[in-house]
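Chain by chain, the residues:
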Amino acid sequence: MRISRTAPWAAGLAAAALFLIPASATAGQHRTVADSAQAAPQAYPVTVDDYYAPAAGKTGAALKTALHDIIKTQSKVSYDGVWNALKVTDQDPANSNNVILVYSGRSQSKSTNGGGVNDWNREHVWAKSHGDFGTATGPGTDLHHLRPEDVTVNSTRGNKDFDKGGSPVAEAPGSFTDADSFEPRDAVKGDVARMLLYMAVRYDGGDGFADLEMNDRVNNGTAPLFGRISLLKQWNQMDPPDAFEKRRNQVIYDTYQHNRNPFIDHPEWVNSIW
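Conventions and cut-offs
- Residues numbered from 1 in each chain as written.
- Predicted model: local features only at pLDDT ≥ 70, side-chain atom pairs only at ≥ 80, totals over all residues.
- Heavy atoms only, no water.
- Helix = DSSP H or I, 4+ residues; strand = E, 2+ residues; numbered from the N terminus.
- Polar contact = N/O pair within 3.5 Å; in protein donor to acceptor, adjacent residues only side chain to side chain.
- Contact = heavy atoms within 4.5 Å.
- Core = buried A, V, L, I, M, F, W, Y, C linked by side-chain atoms within 4.5 Å.
- Buried < 20%, exposed > 50% of the residue type's maximum accessible area, 1.4 Å probe, protein only.
- Salt bridge = Lys/Arg side-chain N within 4 Å of Asp/Glu carboxyl O.

**Q** So what about the side chain of Arg 147? Which residues, and what values?
**A** Take Arg 147: it is sitting in strand β5 (residues 146-150). In this structure the side chain of Arg 147 is engaged in a polar contact, spanning 2.7 Å, whose partner is the side chain of Asp 90. Leaving out residues up to four positions away in the same chain, Arg 147 has contacts with Leu 86, Asp 90, Val 102, Asn 121, Arg 122, Glu 123, Val 125, Asp 191, Met 195, Phe 244 and Arg 248.

**Q** Tell me about the nonpolar core, and name the residues and values.
**A** Within the largest apolar cluster, 43 residues are counted, with the highest numbers of intra-cluster contacts made by Leu 67, Tyr 103, Trp 126, Phe 162, Leu 196, Met 214 and Phe 263. Secondary-structure elements contributing two or more residues to this core are α2 (48-51), α3 (60-71), α6 (189-202), α7 (229-238) and α10 (269-273). Looking at which element gives the most residues to this core, the answer is α6, with nine residues. Once residues within four sequence positions are removed from consideration, Tyr 103 is found in contact with Glu 123, Val 125, Glu 149, Val 153, Arg 157, Phe 162, Ala 172, Ser 175, Phe 182, Pro 184, Arg 185 and Val 192. Counting residues in each nonpolar core, the second largest holds 15 residues, with Val 77, Val 88, Trp 120 and Ile 252 among its members.

**Q** Lay out the pattern of salt bridges with the relevant residues and their values.
**A** Taken as a whole and judged by the stated rule, the model has 13 salt bridges. Across the pair Asp 69 and Lys 72 runs a salt bridge, and its minimum N-O distance is 3.7 Å. What makes Lys 72 partly exposed here is its relative accessible area of 40%. A salt bridge links Asp 207 to Arg 202, with the shortest nitrogen-to-oxygen separation between them at 3.1 Å. Counted as one network, the salt bridges with shared partners bring together Asp 90, Arg 147 and Arg 248.

Following this line, the structure appears as structure tokens:
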């Protein structure tokens, strides 16, 4: 399906049409993002298969390198620009005035973004302290791992690695936490895994930021590491990409960064690399 270029995403889209984008659909055409930190690339491949052609037939480290070389070409969004972008990428398909909060699963008004207790803010799924990139344009503003979340829940998650167990998280039904880890609700476990794995492929230390990598530990602190990879691989399999996640990937590609999360398009590549 070809995505129309005539109507702005922020004005609202037909959710049903967007949710029918298949993995082999048109990957999108060139668009300019008003607050991008750099000009968008001049051309885009016609299909998702074309986009990943340089990775075809590869496995292991060779596949990781090929995917990095593909997805590192992107436009960048400012940290202020992330607010408006999330109102589009995470729009509630049942209510265009709302966004879906990633861990809470709650539909909340787009207008309630901010720092108040009952507001939603910008959750870095790859905690920005893991590699000390902060809110720098690049990993700090990469929409592929930034999601809306309740301010209190965001604070509870903090910079913890992902693992199983702990006490229930208030305002995030199905999520649990303890002193050194956070477990998201079942419906987004795979989403979390694929966002982290995207970051580990996209940022390899070659563009002025830390080399982000996965390990099988918690308590990684400020090291550019995230765990647990063994559990994240399980989550990738138990919670495959759904329509919301696929639509989000497409919107980021078409409208904002012009790069894709390869593990949403090809979740089987997780086991090929790790």
